[in-house]
Amino acid sequence: MCTKINSKYGLISIRLYQEEDEKRILPVFNEVFNVNRTEKHWRWKYKENPYGGPIVSLAWDKNQLASQFAGYPIKLDIDNNESVDIVHMGDIFTVPEYRNVGLGRNNLLAKTFWFLEEQCLENKVFVIIGFNTGHSRKLCRRFLEMTIDLPIFESHLNVDKISKKNILKKLHSITFNYKVSKHIKAGSWANNIYSNARNDYNWIIKRNQEYLVWRYENNPDFEYMFYVVN
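Quick caveat, the model's predicted, so the values are computed rather than measured.

### A word on a nonpolar patch on the surface
On the surface, a nonpolar cluster with roughly 300 Å² of combined accessible area is contributed by Ile184, Met225 and Tyr227. Note that Met225 resides in the loop between helix 7 (209-217) and strand 9 (226-229). What makes Met225 partly exposed here is its relative accessible area of 44%.

### Overview of the nonpolar core
Within the largest apolar cluster, 23 residues are counted, with the highest numbers of intra-cluster contacts made by Ile12, Trp42, Val56, Leu65, Tyr98 and Leu108. If you list the elements that add at least two residues to this core, you get strand 2 (10-16), helix 1 (22-33), helix 2 (39-47), strand 3 (55-61), strand 4 (64-77) and helix 3 (108-121). In this structure Trp42 touches Tyr17, Glu22, Ile25, Leu26, Lys47, Pro54 and Val56, once residues within four positions along its chain are discounted. Grouped together as the second largest cluster of nonpolar side chains are 17 residues, Tyr51, Tyr72, Ala190 and Ile205 included.

### A look at the pattern of salt bridges
Applying the stated criterion across every chain yields a total of 10 salt bridges. Put simply, Asp21 and Arg24 hold a salt bridge, and the shortest N to O gap is 3.8 Å. The exposure class assigned to Asp21 is buried, which follows from its relative accessible area of 3%. Of the charged contacts in the structure, one is a salt bridge between Lys75 and Asp85, with a shortest N-O distance of 2.8 Å.

What counts as what
- Residues numbered from 1 in each chain as written.
- Predicted model: local features only at pLDDT ≥ 70, side-chain atom pairs only at ≥ 80, totals over all residues.
- Heavy atoms only, no water.
- Patch = residues over 30% accessible without salt bridge, like charges linked within 9 Å, V, L, I, M, F, W, Y side chains within 5 Å.
- Areas by Shrake-Rupley, 256 points an atom, 1.4 Å probe, with all protein chains shown as cover.
- Salt bridge = Lys/Arg side-chain N within 4 Å of Asp/Glu carboxyl O.
- Helix = DSSP H or I, 4+ residues; strand = E, 2+ residues; numbered from the N terminus.
- Buried < 20%, exposed > 50% of the residue type's maximum accessible area, 1.4 Å probe, protein only.
- Core = buried A, V, L, I, M, F, W, Y, C linked by side-chain atoms within 4.5 Å.
- Contact = heavy atoms within 4.5 Å.

In structure tokens, the structure reads:
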């Protein structure tokens, strides 16, 4: 299924992801953001997610990609121990020459999102999260009815002052004699920690072993370490 909109370029078609679209998405994405995202990264984020996907809506001017609204599902645990699907919106863009197509709620990126919502999210997902900045944040606030901003709290550990040799010892003292262990893989300890912490939150993203394995252990671009404090 697709929808079509009129533009100065003619008819632009909006549809959901189809197999191997990433081969055409990635060159455009890399040009727009001046990065070098690989097919391996794309498969990991959108096809190997244990919770499903891809959740991707694309606008096409014939064979030319014009805009994309993409996200991946994660689980949210809520009050009554029910797990529900939510979507983390990830890669959102409009190719520069198409950014003047449509106005307000009818601009091309908004249309691409409304199609995604209608096809993938309606009656299934009640929360969409993201960390938008710049023009995309303004767009989400003004035209996509995404208006809730949450405060962000950060605490920074200056690891430059901690030698690799003494990092566990330093972390041990920082955490007031709690035991600190380093792990390369997300083991069963992840489920234990999540289970112990879960009841202290009314809503919490389900960061259990399954999530950590996918999000960090299987990440093709970075190597992560897990530091467990107990």
